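Observations on the three-dimensional arrangement
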Amino acid sequence: MSSVLTDLFPHPIVQAPMAGGVSVPQLAAAVSDAGGLGFLAAGYKTADGMYQEIKQLRGLTSRPFGVNLFLPQPETADPAAVDVYAHQLAGEASWYETELGDPDSGRDDGYDAKLAVLLDNPVPVVSFHFGVPAREVIDSLHRVGTLTFVTATTAEEARAVERAGADVVIAQGVEAGGHQGTHRDRPETDGSGIGLLSLVAQVRESVGIPVVAAGGIMRGGQIAAVWAAGASAAQLGTAFVAAHESGAHALHKQALTNPLYARTELTRAFTGRPARALVNRFLREHGPYAPAAYPEVHHLTAPLRKAAAQAGDAQGLALWAGQGHRMARELPAGQLVEVLVAELAAARTALSAGGAR
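Residues numbered from 1 in each chain as written. Predicted model: local features only at pLDDT ≥ 70, side-chain atom pairs only at ≥ 80, totals over all residues. Heavy atoms only, no water.

Glancing now at the pairing of strand E3 (residues 65-70). Counting buried positions along E3 gives six out of six residues, so the element sits mostly inside the fold. Bridge count between strand E2 (residues 38-41) and E3: four bridges; the pairing is parallel. Each residue of the ladder has a partner; that of Ala41, found in E3, is Asn68. Crossover connection from E2 via helix H3 (residues 47-60) to parallel E3: handedness right-handed. Taken together, the five bridges between E3 and strand E4 (residues 125-129) define a ladder with parallel strand orientation. In the strand pairing of E4, Leu69 is matched with Phe128. (Buried < 20%, exposed > 50% of the residue type's maximum accessible area, 1.4 Å probe, protein only. Helix = DSSP H or I, 4+ residues; strand = E, 2+ residues; numbered from the N terminus. Pairing = 2+ DSSP bridges. Right-handed = clockwise from strand over helix to strand, strands pointing away.)

On to the environment of Ala81. Mapping Ala81 onto the fold places it in helix H4 (residues 79-88). Each C-alpha atom, one on Ala81 and one on Arg159, is 34 Å from the other, the two residues being 78 residues apart in sequence.

Here the focus is the packing of aromatic side chains. One pass over the structure, following the stated rule, counts six aromatic pairs. Centroid distance Tyr44 to Phe70: 5.4 Å. Interplanar angle 75°. Geometry classified as edge-to-face. Of this pair, Tyr44 sits in the loop between E2 and H3 while Phe70 sits in strand E3, and the two are 26 residues apart along the sequence. The class for Tyr44 is partly exposed, based on a relative accessible area of 31%. The class of Phe70 is buried, set by a relative accessible area of 7%. (Phe/Tyr/Trp six-rings, centres within 6.5 Å; stacked < 30°, edge-to-face > 60°.)

Across the sheet, which stays open at both edges, the eight strands sit in the order E1-E9-E8-E6-E5-E4-E3-E2 with parallel pairing between neighbours. Edge positions in the open sheet fall to strand E1 (13-15) and E2, since each of these has one partner strand only. Taken pair by pair, the neighbouring strands of this sheet meet at an average axis angle of 25°, ignoring direction. As judged from the four bridges shared by E4 and strand E5 (residues 147-152), these two strands associate in the parallel manner. (Axes fitted to C-alpha atoms, helices over the stretch in contact; angles between N-to-C directions.)

Most of helix H2 (residues 25-33) sits inside the fold, with seven of its nine residues counted as buried. Every buried residue belonging to H2 is among Pro25, Leu27, Ala28, Ala29, Ala30, Val31 and Ser32, and all of these are buried. Those residues of H2 that are buried lie in contact with E1, E2, H3, E3, helix H11 (238-241) and helix H15 (333-352). Looking one or two places after H2, you find Gly35, whose phi comes out positive at around 105°. (Contact = heavy atoms within 4.5 Å.)

Take Lys253: it is sitting in helix H12 (residues 250-255). Leave out the neighbours within four places in its chain, and Lys253 touches Val241, Ala242, Ala243, His244, Ser246 and Ala248.

Here we come to the pattern of salt bridges. Applying the stated rule across the entire model yields ten salt bridges. The shortest N-O distance in the salt bridge between Arg281 and Glu285 comes to 3.1 Å. You can see Arg281 and its partner Glu285 sitting in helix H13 (residues 281-286), four residues apart, about one turn around the helix. With a relative accessible area of 19%, Arg281 lands in the buried category. In this structure Glu285 comes out as partly exposed when scored by relative accessible area, which is 41%. Among the charged side chains, a salt-bridge network with shared partners connects Glu92, Arg281 and Glu285. (Salt bridge = Lys/Arg side-chain N within 4 Å of Asp/Glu carboxyl O.)

Written as structure tokens, this is what we have:
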């Protein structure tokens, strides 16, 4: 790994920040204590809610960790399209005996307030999704001793990350579960994402800062593969969804390896932005009609997803998952890190010996 990263965590394993309650302090602490880099997800939380989780995490581990922020999104949604989608979801609201959410509940996710907290109470790492923060933001975090990671889904985006002064670029392949971290949400590019190995190689040749590879990684051998392609470390999300400490709903954890959910798709059905999830009834019925409208669709469907969880109905949940979901292992997070490290060592030995399996 790059010395920028080895000073933080000895093993090249980053636990992806998964918003919506998955990346709880207990999970991040277990990963960091095992020698990886645990992450909290500040998305969809208030600034105070984020601060309380940081305090809780600091009480659980003395190891470095990170906090992830969503960048504010431009107002590009067509209100008429959102209204049409709301009408299409009326049956869901009736079925779950709830109301649809207000699509105009807020656009910036409390970004400025969260930054203020992180500048007053610095953490080792802050990462950004859905764009590149302003150079002044990155400089201000550097002044308080915080390293900055930014997601990119193309080599062009990676160059923008480097120009902004970020320390690390997270190269996110199309295989990744949850939201694609594209810097601009352009519907005409839906389905045209780049596979991880190709992306890592392209990004490695485009920037001089360390690269962390993300997307469908579930085994140590895959970490070795992205390392060979030029990545300094790997970020794993779906692999940790099933971990004992994960805050994911039990139905979500079970669905990862349930034969009923045979594949994943990128969909706008739940949030209005492309995100990879297990194909269930909600995705099949509403995915083809969901508009490009984030976070309006997220706000609109939030009560439906909450009601589905309360009803124990996985067919109405956003079952975020990467393409490697069937390889999920239900282990304590620290043990999973140990297993991945052992698999990585074995794969590197095989690569060094010129062997193959």
